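For reference, the chains in residue letters:
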Amino acid sequence: MYKANRYSVPLGTYSDFGKDFQLNIQENILRIIDTETGEIIGTHEISNQKGLLIQERAHKRDRSKGIPAYIESTADKFENKSLALQYLAEVKEQYPRYMRDQLQLLNKVWESFPKSYINQTLLLCVKQKLYSASEFHDMAKHLMVQKPVEAAKPPKKIQALHQESSYLLDIKLPTSDLSI
């Protein structure tokens with residue numbers, strides 16, 4: 001925080017044990033310096049507005065893994081890992097400079113859609129030669145609209161942690177009519 005604004009540092013900079021930084025302000029430039037190493041980890045233009053998050057695009061990227069390891073961990077999520085690796089190789093071929101961004105978007109798709117749709121999406125994207133994370137996302141979204149199957153599954157029965165409190169699971173709460 002500096003003058004009611006938040007300025008970013010690279011993803012993974014913080015640890016559970018805390019981290020000390022020094023701010024260096026020269027004219028309209030804010031430099032964030034690691035006090036242990038003296039390394040400049042962030043440089044931002046100071047904003048005159050209040051309540052903003054000033055963030056460098058590069059600070060959002062997870063650089064803790066190398067690209068090959070990131071590709072491998074992303075491919076591991078798919079049922080057909082070899083097909084996923086082929087797909088990701090094509091994506092890397094088309095977007096070598098933006099591969100980390102492509103992988104981050106693909107991993108966000110995993111958080112947003114059911115696994116069955118994502119595996120179908122992989123097959124369709126390879127078949128139709130759609131080799132980008134945004135096209136992958138759009139295809140998953142299209143499948144979700146076309147075949148909303150996941151909603152039909154019955155909810156799982158919740159079990160109490162302690163047997164003596166299991167009667168609480170059968171209590172029906174009173175509800176109000178929304179028209180009132």
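Parameters at a glance
- Residues numbered from 1 in each chain as written.
- Predicted model: local features only at pLDDT ≥ 70, side-chain atom pairs only at ≥ 80, totals over all residues.
- Heavy atoms only, no water.
- Helix = DSSP H or I, 4+ residues; strand = E, 2+ residues; numbered from the N terminus.
- Buried < 20%, exposed > 50% of the residue type's maximum accessible area, 1.4 Å probe, protein only.
- Arc of directions from axis to C-beta.
- Contact = heavy atoms within 4.5 Å.
- Pairing = 2+ DSSP bridges.
- Axes fitted to C-alpha atoms, helices over the stretch in contact; angles between N-to-C directions.
- Parallel < 35°, antiparallel > 145°, perpendicular 65-115°, else oblique.
- Left-handed = near helix turned anticlockwise from the far one by under 90°.
- Salt bridge = Lys/Arg side-chain N within 4 Å of Asp/Glu carboxyl O.

Asks: I'd love a proper account of unusual backbone geometry, names of residues and values included.
Replies: Backbone phi values are negative for most residues with the exception of glycine, while trans is the configuration of most peptide bonds. Even without being a glycine, A4 presents a positive backbone phi close to 65°. One can find A4 in the segment before β1 (6-7). Even without being glycine, E27 reaches a positive phi, approximately 55°. Here E27 is to be found in the loop between β2 (21-26) and β3 (29-34). Looking at E27, the relative accessible area reads 83%, which means it is exposed.

Asks: Outline the environment of F21, listing residues and values.
Replies: Along the polypeptide, F21 turns up in strand β2. With a relative accessible area of 26%, F21 lands in the partly exposed category.

Asks: Please give an account of helix α1 (residues 67-75) that cites residues and values.
Replies: When α1 is considered as a whole, its buried residues turn out to be I67, Y70, I71, T74 and A75. The arc enclosing the buried residues of α1, seen along the axis, measures out at 130°, which places them on a common side. Tucked into the core, α1 has its buried residues touching α2 (81-94) and α3 (99-112).

Asks: Describe the pairing of β2, naming the residues involved and giving the relevant values.
Replies: Across six bridges, the pairing between β2 and β3 is antiparallel. Counterpart to L23 in the pairing with β3 is I32. Between β2 and the antiparallel strand that follows it, β3, lie two residues; E27 among them carries a positive phi value of about 55°.

Asks: Talk me through the packing of α3 against helix α5 (residues 133-146); I want residue IDs and the actual numbers.
Replies: Direction vectors running N to C along α3 and α5 enclose 15°, while the axes themselves pass 9 Å from each other. In terms of orientation, α3 lies roughly parallel with respect to α5. At the point where α3 passes α5, the crossing takes the left-handed sense. The residues of α5 that touch α3, namely those facing Q102, L105, L106 and V109, are A133, S134, F136, H137 and A140.

Asks: Please give an account of the sheet that holds strand β4 (residues 40-45) that cites residues and values.
Replies: Strand order in the open sheet formed by three strands is β2-β3-β4, with antiparallel pairing between adjacent strands. Every interior strand has two partners, whereas the edge strands, β2 and β4, have only one. In this sheet, neighbouring strand axes are inclined to one another by 20° on average, regardless of whether the strands run parallel or antiparallel. The sheet contact formed by β3 and β4 spans five bridges and is antiparallel. Bridge assignment links I33 to a residue of β4, and that residue is I40.

Asks: Requested: an account of the pattern of salt bridges, with residues and values cited.
Replies: Under the criterion given, the structure shown has two salt bridges. Residues K81 and E72 are paired through a salt bridge, measuring 2.3 Å at the closest nitrogen-oxygen approach. Its relative accessible area of 33% is what places E72 among the partly exposed residues. The partner of K81 in a salt bridge is D76, and the shortest N-O contact between them spans 2.7 Å. Connected through salt bridges with shared partners, the residues E72, D76 and K81 form a single ionic network.

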